[in-house]
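# Structural overview
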Amino acid sequence: SASTMTVDLDSSTGIAVMKLHSPPVNSLSLDFLTEIAISLEKLEMNKGCRGVVVTSALPKIFSAGLDILEMYGKSPERCGEFWRAVQEMWLKFYSSRLVTVAAINGSSPAGGCLLSMTCDYRIMADNPRYSIGLNETQLGIVAPFWFKDTMVNTVGHRTAEIALQLGLLYSPQDALKIGMVDELVPEEKLVSTATEAMARWFAIPDHARQITKSAMRKPTIDKLLSARETDISNFVSFITKDSIQKSLKLYLENLRKKKA
Ligand code: CO8
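These figures come from a predicted structure and were not determined experimentally.

### Topic: the pairing of strand 4 (residues 99–104)
Of all six residues that make up strand 4, six are buried, and the element is covered over most of its length. Where burial is concerned, the two faces of strand 4 agree: the one with Val 99, Val 101 and Ala 103 and the one with Thr 100, Ala 102 and Ile 104 are both buried. Here strand 3 (residues 51–56) pairs with strand 4 via four bridges, running parallel. Considered in strand 4, the bridge of Val 53 is made with Val 101. For the crossover that starts at strand 3, traverses helix 2 (residues 76–94) and ends in the parallel strand 4, the hand is right-handed. Pairing of strand 4 with strand 6 (residues 121–125), which is carried by four bridges, proceeds in the parallel orientation.

### Thoughts on the sheet that holds strand 8 (residues 183–185)
Reading across from one edge, 1-2-3-4-6-8 is the order of the six strands in this open sheet, with mixed pairing throughout. One side of each edge strand has no neighbouring strand; the edge strands of this open sheet are strand 1 (5–10) and strand 8. Each strand of the sheet is rotated relative to its neighbour by a mean of 20°, with strand direction disregarded.

### So, the side chain of Arg 122
Tracing the chain through its elements places Arg 122 in strand 6. Among buried Asp, Glu, Lys and Arg side chains, Arg 122 stands out as unpaired, with Asp 182 the closest opposite charge at 4.0 Å. A polar atom in the side chain of Arg 122 sits 3.1 Å from the backbone oxygen of Cys 119. Excluding residues within four positions of it along the chain, Arg 122 makes contact with Ala 102, Ile 104, Ser 116, Met 117, Thr 154, Met 180, Val 181, Asp 182 and Glu 183.

### Remarks on the site of the ligand
If you check the shell around the ligand, you find 28 residues, and the closest are Leu 66, Ile 68, Tyr 251, Lys 258 and Lys 259. Between the ligand and the protein, one listed contact pairs a nitrogen atom with a backbone N or O atom of Ala 64 at 2.9 Å. At 2.8 Å from a nitrogen atom of the ligand is found a main-chain nitrogen or oxygen belonging to Ile 68. For the ligand, whose unbound accessible area comes to 1,100 Å², protein coverage reaches 80%. Elements represented by at least two residues in the shell around the ligand include exactly helix 9 (228–239) and helix 10 (242–257). No other element matches helix 10, which puts three residues into the shell around the ligand. Across the shell around the ligand, the residue classes break down as 19 nonpolar, four polar and five charged.

The rules behind the values
- Residues numbered from 1 in each chain as written.
- Predicted model: local features only at pLDDT ≥ 70, side-chain atom pairs only at ≥ 80, totals over all residues.
- Heavy atoms only, no water.
- Buried < 20%, exposed > 50% of the residue type's maximum accessible area, 1.4 Å probe, protein only.
- Helix = DSSP H or I, 4+ residues; strand = E, 2+ residues; numbered from the N terminus.
- Pairing = 2+ DSSP bridges.
- Right-handed = clockwise from strand over helix to strand, strands pointing away.
- Axes fitted to C-alpha atoms, helices over the stretch in contact; angles between N-to-C directions.
- Lys, Arg positive; Asp, Glu negative; His and termini not counted.
- Salt bridge = Lys/Arg side-chain N within 4 Å of Asp/Glu carboxyl O.
- Polar contact = N/O pair within 3.5 Å; in protein donor to acceptor, adjacent residues only side chain to side chain.
- Contact = heavy atoms within 4.5 Å.
- Near = heavy atom within 4 Å.
- Areas by Shrake-Rupley, 256 points an atom, 1.4 Å probe, with all protein chains shown as cover.
- Nonpolar A, V, L, I, M, F, W, Y, C, P; charged D, E, K, R; others polar.

Here's what the structure looks like:
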């Protein structure tokens, strides 16, 4: 699965731009998740890199979230491997030493929203056709505790309680109102605004910012680290249930029918 993304590091600014490119919708398959995590790890190890902007190379879609085909009709072993990769991506981004900015240039449901919420700052294109949120319950599945924790850490408990139960997808304006995104700009200004935002974070000494980031996020990260294997076996036994497989099948059919 080569060339599913591009990473360009500007050595004069220390800013890398990671552009997700897995047509048609940047859904997060096992391979793609692994590639994203490895790319971030490489940037982490590069002393010349201080920040990364995550965006999509596809029109209208930031990421459609986890690849539903990875959760449908797959063996328990494969499901477990997939889930470990989802955890890994989350752990890498949520604990990154880098300044991470999501430049959300399209719809960003479920896992796509999660990826953006792992970043330090979110800027979204002000296009009412785009939406963002954790819509898992609409698929008949349940966002695991660390998705929920990330949401609570971003928008607060009460908003998360409503949004998660109803599986709400928000317009950019509404996402701004609840604090799910931090800024809206016209699409053509997205990456330049992300670079400007980065400058504010770069003005703070790295060590002070990093220690503070870690203090804010460590309890949430440690919670998953100490329950990682249990979380995998919970996912596998949940997702392989007949009733859940049926829900996913229906959802996939509706996604496809919508076009006809
Ligand atoms: N996974 C796999 N395939 C997908 C996905 C996906 N997440 N999203 C879309 N596709 C497929 C479509 O089925 C379609 O396939 P085909 O061409 O074969 O019909 C193709 O991609 C293009 O999709 P659309 O025609 O729908 O493209 P649009 O541009 O009209 O819409 C959207 C793009 C808005 C992204 C739309 O496709 C959409 O809403 N997708 C569904 C998104 C979604 O609900 N994702 C949730 C995934 S679950 C998740 O991320 C967290 C799960 C946590 C698990 C917890 C369990 C315990």
